[in-house]
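Structural overview for review
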Amino acid sequence: MRRSAGVLLHPTSLPGPFGVGDLGPGARDYVRWLGLAGASWWQILPLHPPGPGNSPYSALSTYAGNPLLISPEDLVSDGLLTPEEIADHPVVDDPHRVDFERVRPWKETLLRRAWERASSMAGIMARIQEFELEHRSWLPDFALFRAVRAERDGQSWTDWPESLRRRDPSALASAREEHADAIALEVFTQYVFFRQWMRLRRDAAENGVRILGDRDGDGVVR
């Protein structure tokens, strides 16, 4: 077997100006550096939306991506945000730690602004519809879950009304109608995440770097 070397690093630990590492230019610079250094592997932690405690091992989904990993700079490049809108970012007290409670609301505001612009762009909306169809096995339910969970201030689903817990069809239909805007925003958010993730994977491959997870279900070589 040929010998190889690599590193273990979660993208949130990448340096950058926004209080948390992401999948954007900093990550692409990192895989280029890995390639130049002769490293063959980048081992990551799970990239799913974290639950209480912000641990990547306490995820809300085994399919969805973490919105905090979305790059504001790439949203500017896509014409969905302006440079001025991302310039007013949180100033964290310790650059070596992620202040999740300060970074999360700022990122959520940016994503809503980006969604408001995207919703008037026919080309992007068509791609989002294709993305939703491709991921129909999990995305509609996850988007509804996120919308209801946010409306209930993060309350555990086990404490939701019984009709929702038991997935009563009429209750689910009513919830989808009530939270249609929040659901559409979540679908857009996942579309952006996967778009940026796929770009990073292509960059890694072009630089001879393979990405892999560190547990069953994430262990597929990327």
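The residue numbering used here restarts from 1 in each chain and proceeds along that chain's sequence as written. In keeping with the predicted nature of the model, local features appear solely for residues at pLDDT of at least 70, side-chain atom pairs appear and are counted solely at 80 or more, and the whole-chain, interface and lining totals rest on all residues. Values reported for side chains reflect all heavy atoms of the structure, with hydrogen atoms and water molecules removed beforehand.

1. Topic: the pattern of salt bridges
Between side chains of opposite charge, a pair can form as their charged atoms come close. Rules: Throughout this description, the term salt bridge denotes a Lys or Arg side-chain nitrogen within 4 Å of a carboxyl oxygen of Asp or Glu. Where helices and strands are cited, they refer to DSSP runs of H or I of at least four residues and of E of at least two residues respectively, numbered from the N terminus. Under the scheme applied here, a residue whose accessible area is under 20% of the maximum for its type counts as buried, over 50% as exposed, and between as partly exposed, the area being computed with a 1.4 Å probe on protein chains only.
One pass over the full model with this rule turns up 12 salt bridges. Between Arg104 and Glu101 there is a salt bridge; the shortest N-O distance is 3.6 Å. Placement of the pair is Arg104 and Glu101 together in helix H4 (residues 100–118), with a separation of three residues, close to one helical turn. Since its relative accessible area comes to 57%, Glu101 is described here as exposed.

2. Topic: the packing of aromatic side chains
Both the distance between ring centres and the angle between the ring planes are used here to describe each pair of aromatic rings. Stated precisely, the cut-off is as follows: Stacked, tilted and edge-to-face are the three classes assigned to paired rings of Phe, Tyr and Trp, where Trp is represented by its six-membered ring and a pair needs centres within 6.5 Å; plane angles under 30 degrees give stacked, over 60 edge-to-face, the rest tilted.
One pass over the full model with this rule turns up 12 aromatic pairs. When the ring of Trp138 is compared with that of Phe194, the centres are 6.2 Å apart and the planes differ by 50°; the resulting orientation is tilted. Of the two residues, Trp138 is situated in the loop between helix H5 (122–134) and helix H6 (139–151) and Phe194 in helix H9 (residues 180–206); the sequence distance between them amounts to 56 residues. For the pair shown, Trp138 and Phe194 are each scored as buried. A ring pair is formed by Phe142 and Phe145, whose centres lie 6.5 Å apart and whose planes are at 35°; its orientation type is tilted. Of this pair, Phe142 and Phe145 both sit in helix H6, three residues apart, roughly one helical turn. Side by side, Phe142 and Phe145 carry an identical accessibility label, which is buried.

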